[in-house]
Amino acid sequence: EAEVAQSPRYKITEKSQAVAFWCDPISGHATLYWYRQILGQGPELLVQFQDESVVDDSQLPKDRFSAERLKGVDSTLKIQPAELGDSAMYLCASSRDINTGELFFGEGSRLTVL
Amino acid sequence: AQSVAQPEDQVNVAEGNPLTVKCTYSVSGNPYLFWYVQYPNRGLQFLLKYITGDNLVKGSYGFEAEFNKSQTSFHLKKPSALVSDSALYFCAVRDRRRSQGNLIFGKGTKLSVKP
């Protein structure tokens, strides 16, 4: 069964350092999402792509976060500089149908900022 | 604004007993509704969705959910709980009027099934 691949699974960094997360969605899924999940809360959308275009980045802290999906396939989420409050699970998801389709999630990248 | 409420932080059930995890939603239009399950340090797994049609939706692992438009609810149910069902459960909603809308998630309900 096809899966959404994410790396790294765990990342520990010091504040003010740069971090990057990578996601490879299920083949053929045009819609890709990055969510942030703080411990004890539900996932919250950071950015949504349709192919290589950003559909929604209204909740992305653009002063420190950036995301790209240059060829409309895999995607990278970057944080620079990392802050203590960025410690969370970063989840990537993809969907075949942007309207009715369920999201398929990767295993997530857990970030700890010291 | 769209929102999802899961009023219980935790639900405790004995193995073999029926379980219910509650979810209510608020959207301007008609919703698409979803349930996901999350095991520790893992991503979310899709359980079931309501798009249209029969209000009772059946999903993975014996779970089902009932869409109630008048009560704006989409409660998750299972007739007989298993210890392995213990996990974090998330309800999510998408407003079908927003053609490219993302899913809005509730804060989650921890289900604990004891032997």
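What counts and how
- Residues numbered from 1 in each chain as written.
- Chains lettered and ligands numbered in written order.
- Predicted model: local features only at pLDDT ≥ 70, side-chain atom pairs only at ≥ 80, totals over all residues.
- Heavy atoms only, no water.
- Pairing = 2+ DSSP bridges.
- Helix = DSSP H or I, 4+ residues; strand = E, 2+ residues; numbered from the N terminus.
- Axes fitted to C-alpha atoms, helices over the stretch in contact; angles between N-to-C directions.
- Contact = heavy atoms within 4.5 Å.
- Buried area = accessible area lost by both parts, 1.4 Å probe.
- Salt bridge = Lys/Arg side-chain N within 4 Å of Asp/Glu carboxyl O.

Visitor: Mind showing me how you'd approach the sheet that holds strand β8 (residues 75-79) of chain A here?
Guide: Hydrogen bonding along the main chain pairs the strands of a sheet, whether they run parallel or antiparallel. All names here are of chain A. Reading across the sheet, the four strands line up as β1-β3-β8-β7 and stay open at both edges, with antiparallel pairing between neighbours. The open sheet has two edge strands, β1 (5-7) and β7 (65-68), and neither has a second partner. Mean inter-strand twist for the sheet, computed between neighbouring axes without regard to direction, equals 15 degrees. Across five bridges, strand β3 (residues 19-24) lies against β8 in antiparallel orientation. The residue of β8 that forms the bridge with Trp22 is Thr76.

Visitor: Please clarify how the interface of chain A and chain B should be interpreted in this entry.
Guide: Quoted interface sizes are often the accessible area lost when the parts come together. Each partner contributes to the interface: chain A provides 25 residues, whereas chain B provides 21 residues. Of the roughly 1900 Å² buried between chain A and chain B on both sides combined, carbon and sulfur atoms contribute 47%. Of all residues in chain A, Asn99(A), Thr100(A) and Glu102(A) give up the largest surface area on contact with chain B, accounting jointly for 25% of the area buried on that side. Counting across the interface, chain A meets chain B through two salt bridges. Glu102(A) is the partner of Lys49(B) in a salt bridge, and the nearest nitrogen-oxygen pair spans 2.9 Å. It is strand β4 (residues 31-37) of chain A that provides the largest number of residues to the side of chain A that touches chain B, a total of three residues.

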